[in-house]
Number of protein chains: 2
Amino acid sequence: MEEKEISKAVIRRLPRYYRYLGELMESGVERISSNELSERMRVTASQIRQDLNNFGGFGQQGYGYNVKYLYDEIGRLLGLDKKHNVIIIGGGNLGQALANYPAFEKRGFIVKGIFDINPKLSGRTVRGIPIMPMEQMEEFIRENDIQIATLTLPKTSATEVADQLISYGVRAIWNFAHTDLNVPEGVMVENVHLSESIMRLSYNLTRYEEEHKSGKKEKK
Amino acid sequence: MEEKEISKAVIRRLPRYYRYLGELMESGVERISSNELSERMRVTASQIRQDLNNFGGFGQQGYGYNVKYLYDEIGRLLGLDKKHNVIIIGGGNLGQALANYPAFEKRGFIVKGIFDINPKLSGRTVRGIPIMPMEQMEEFIRENDIQIATLTLPKTSATEVADQLISYGVRAIWNFAHTDLNVPEGVMVENVHLSESIMRLSYNLTRYEEEHKSGKKEKK
């Protein structure tokens, strides 16, 4: 399958295709047309065809998509056919919640260790995963082929820790800290800014309430 | 300040402006030009001017933006000048992590209660917030003016619980369940799909590794 330059918007949608195809497989569906997939996913059929054409096209006119084939190919594009070793920096509630989340391991994201500045947490484990002091991070990364570092830290320390991680060879950072990281080229950052997410919800709720209070017609 | 129809992309960026303006205030900056803000936020100055013009324009040519004024106005647009009562459905690790997160309360999102199907959790508290059985949810929502419900549930029960919440009058759902919710008009959903987020990171990492392995030039 030939791979062209893919837009960020398509990449954003890929995991969602993967999820829907997984659900279809679970319910025993073997083939699906772009029209049927469109109805389920609530996007237009032409967008589906266009998105999937980016990857060389998987469908045959009149036959629809082979669900298993498409699922496997998108999984391969997403790198889910390989294992990724993960560490979590920050052993607080969120760090522990992520370490406990079984779905990540199922997808090949294996949490190998958790690091925290609080010496009281050292020696504890979460689902068998050890919590270690920050001083052991460098050696651990080099010895355990760590590819992804998850930051669940206060924003005040996130920048410094990210710089350390990069100097130890980490190339992908999953950032939950409430700040933007400036990283060199070749280092990937995926942000999960939870505060911004709830603010968007609050924005929409506030607009809705104001429109209804003032009796204006609701916007689409 | 006049409010026009604002695009989703602008709304996505608003909380980020709010964060940067908050940081500027903390460091004592009173005025900032779109050029300076542009450098810090790594977006173009013309995008900043265009975005903020959506809200009637806050800047004066040659004088830049008044940081405090802009911060307060964006906060008001985001509904942060009001308190929002929140419940969390799912008292597992993630639910507890969110209940423990002090930044939400600082922004006016007050977690009033946590609900869980596990009867063993009932009666416990997280940061003083009670965990209650699902049977008490309806009454609690009606009596505590709950506006936002946070779903940290398995996808198998998320749809059913969302329907219940909506029938009890909840208008905003912060959805961490790994599924899309179909909601009627007038109900707001903000999704945080963590699995999809880590898959995007994995996609970028995989592409990078393949390009480097095959000796191709790196894509921007």
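Residues numbered from 1 in each chain as written. Chains lettered and ligands numbered in written order. Predicted model: local features only at pLDDT ≥ 70, side-chain atom pairs only at ≥ 80, totals over all residues. Heavy atoms only, no water.

A. Geometry of the packing of helix α9 (residues 194–213) of chain A against helix α1 (residues 8–26) of chain B. It is at 9 Å that the axes of α9 of chain A and α1 of chain B come closest, and there the two elements cross at 120°. If you check the angle between α9 of chain A and α1 of chain B, you find them oblique. Between α9 of chain A and α1 of chain B lies a crossing whose hand is right-handed. Counted together, Glu 196, Met 199, Arg 200, Tyr 203 and Asn 204 of chain A of α9 of chain A and Ile 11, Arg 12, Leu 14, Pro 15, Arg 16, Tyr 18 and Arg 19 of chain B of α1 of chain B form the full contact between these two elements. Tallied by class, residues from the contact of α9 of chain A with α1 of chain B come to six nonpolar, one polar and five charged. (Axes fitted to C-alpha atoms, helices over the stretch in contact; angles between N-to-C directions. Helix = DSSP H or I, 4+ residues; strand = E, 2+ residues; numbered from the N terminus. Parallel < 35°, antiparallel > 145°, perpendicular 65-115°, else oblique. Left-handed = near helix turned anticlockwise from the far one by under 90°. Contact = heavy atoms within 4.5 Å. Nonpolar A, V, L, I, M, F, W, Y, C, P; charged D, E, K, R; others polar.)

B. Just the relation of the copies chain A and chain B, in detail. Overlaying chain A on chain B yields an RMSD of 0.0 Å, the required transformation being a rotation through 180° with an accompanying axial translation of 0.0 Å. Here the copies are linked by what is in effect a two-fold axis. The overlap is high: 100% of the interface residues of chain A also sit at the interface in chain B, so the same surface is used on both sides. (Least-squares fit on C-alpha atoms with pLDDT ≥ 70 in both.)

C. Examining the sheet that holds strand β7 (residues 148–151) of chain B more closely. Reading across from one edge, β5-β6-β4-β3-β7-β8-β9 (chain B) is the order of the seven strands in this open sheet, with mixed pairing throughout. Of all the strands in the sheet, the pair left with one neighbour each is β5 (125–126) and β9 (188–191) of chain B. Of the strand pairs in this sheet, β7 of chain B and strand β8 (residues 172–175) of chain B are connected by four bridges, and their pairing is parallel. Within the sheet, the bridge partner assigned to Thr 150 of chain B lies in β8 of chain B and is Trp 174 of chain B. Strands β3 (84–89), β4 (109–116), β7, β8 and β9 of chain B of the sheet are contacted by α9 of chain A, whose axis makes an angle of about 170° with β9 of chain B. Strand contacts of helix α8 (residues 155–167) of chain B: β3, β7 and β8 of chain B, with the helix running at about 170° to β7 of chain B, the strand carrying the most contacts. (Pairing = 2+ DSSP bridges.)

D. Representation of the UniProt feature "DNA-binding region" (unreviewed entry) in chain A within the structure. UniProt records the feature "DNA-binding region" (unreviewed entry) for residues 16–55 of chain A in the present numbering. For residues 16–55 of chain A, the end-to-end C-alpha separation is 15 Å, with 70% helix and 5% strand making up the annotated structure. (UniProt positions renumbered as here; feature names shortened; annotations may be inferred.)

E. Highlighting the side chain of Asn 85 of chain A. Residue and element names in this part refer to chain A. Positionally, Asn 85 belongs in strand β3 (residues 84–89). The exposure class assigned to Asn 85 is buried, which follows from its relative accessible area of 14%. There is a polar contact of 3.1 Å between the side chain of Asn 85 and the backbone oxygen of Asn 144. Beyond its immediate sequence surroundings of up to four residues, Asn 85 is in contact with Ile 110, Lys 112, Asn 144, Asp 145, Ile 146, Gln 147 and Ile 148. (Buried < 20%, exposed > 50% of the residue type's maximum accessible area, 1.4 Å probe, protein only. Polar contact = N/O pair within 3.5 Å; in protein donor to acceptor, adjacent residues only side chain to side chain.)

F. Highlighting the pattern of salt bridges. All told, the structure shown has 22 salt bridges over all chains when counted by the stated rule. Residues Asp 72 of chain A and Lys 68 of chain A are paired through a salt bridge, measuring 2.4 Å at the closest nitrogen-oxygen approach. Taken together, the residues Asp 72 of chain A and Lys 68 of chain A, both in helix α4 (residues 67–77) and four residues apart, mark about one turn of the helix. Asp 72 of chain A gets classed as partly exposed once you look at its relative accessible area, which sits at 36%. One network of salt bridges, with partners in common, ties together Arg 16 and Arg 19 of chain A together with Asp 180 and Glu 196 of chain B. (Salt bridge = Lys/Arg side-chain N within 4 Å of Asp/Glu carboxyl O.)

G. The arrangement of the domain arrangement of chain A in detail. What the domain assignment reports for chain A is domain 1 (8–77) and domain 2 (84–196). Centre-to-centre, using C-alpha coordinates, domain 1 of chain A lies 32 Å away from domain 2 of chain A. (Domains from an automatic or database assignment.)

H. Structural context of the environment of Glu 196 of chain B. For Glu 196 of chain B, the location among the structural elements is in helix α9 (residues 194–213). Ignoring sequence-local partners within four residues, the contact set of Glu 196 of chain B consists of Pro 15, Arg 16 and Arg 19 of chain A together with His 178 of chain B.

I. Spotlight on the nonpolar core. In this structure, Ile 74 and Trp 174 of chain A together with Ile 74 and Trp 174 of chain B are the most contacted members of the largest nonpolar core, which totals 102 residues. Not counting chain neighbours up to four residues away, the residues in contact with Ile 74 of chain B comprise Leu 14, Tyr 17, Tyr 18, Leu 21 and Leu 52 of chain B. (Core = buried A, V, L, I, M, F, W, Y, C linked by side-chain atoms within 4.5 Å.)

J. Structural detail: the interface of chain A and chain B. Taken residue by residue, the interface counts 71 residues in chain A and 72 residues in chain B. Both faces considered, chain A and chain B share a buried interface measuring about 6700 Å² in area, 56% of it formed by carbon and sulfur atoms. At the junction of chain A with chain B, the criterion picks out ten salt bridges. Across the pair Glu 190 of chain B and Arg 200 of chain A runs a salt bridge whose closest N-O atoms are separated by 3.3 Å. Between the two partners, chain A and chain B, sit 22 residue pairs in polar contact (both at pLDDT 80 or more). Of all the secondary-structure elements, those providing two or more residues to the side of chain A that touches chain B are α1 (8–26), α5 (93–99), α6 (102–106), β8 (172–175), β9 (188–191) and α9 of chain A. The element that contributes the greatest number of residues to the side of chain A that touches chain B is α9 of chain A, accounting for 17 residues. For the side of chain A that touches chain B, the per-class residue count stands at 32 nonpolar, 15 polar and 24 charged. (Buried area = accessible area lost by both parts, 1.4 Å probe.)

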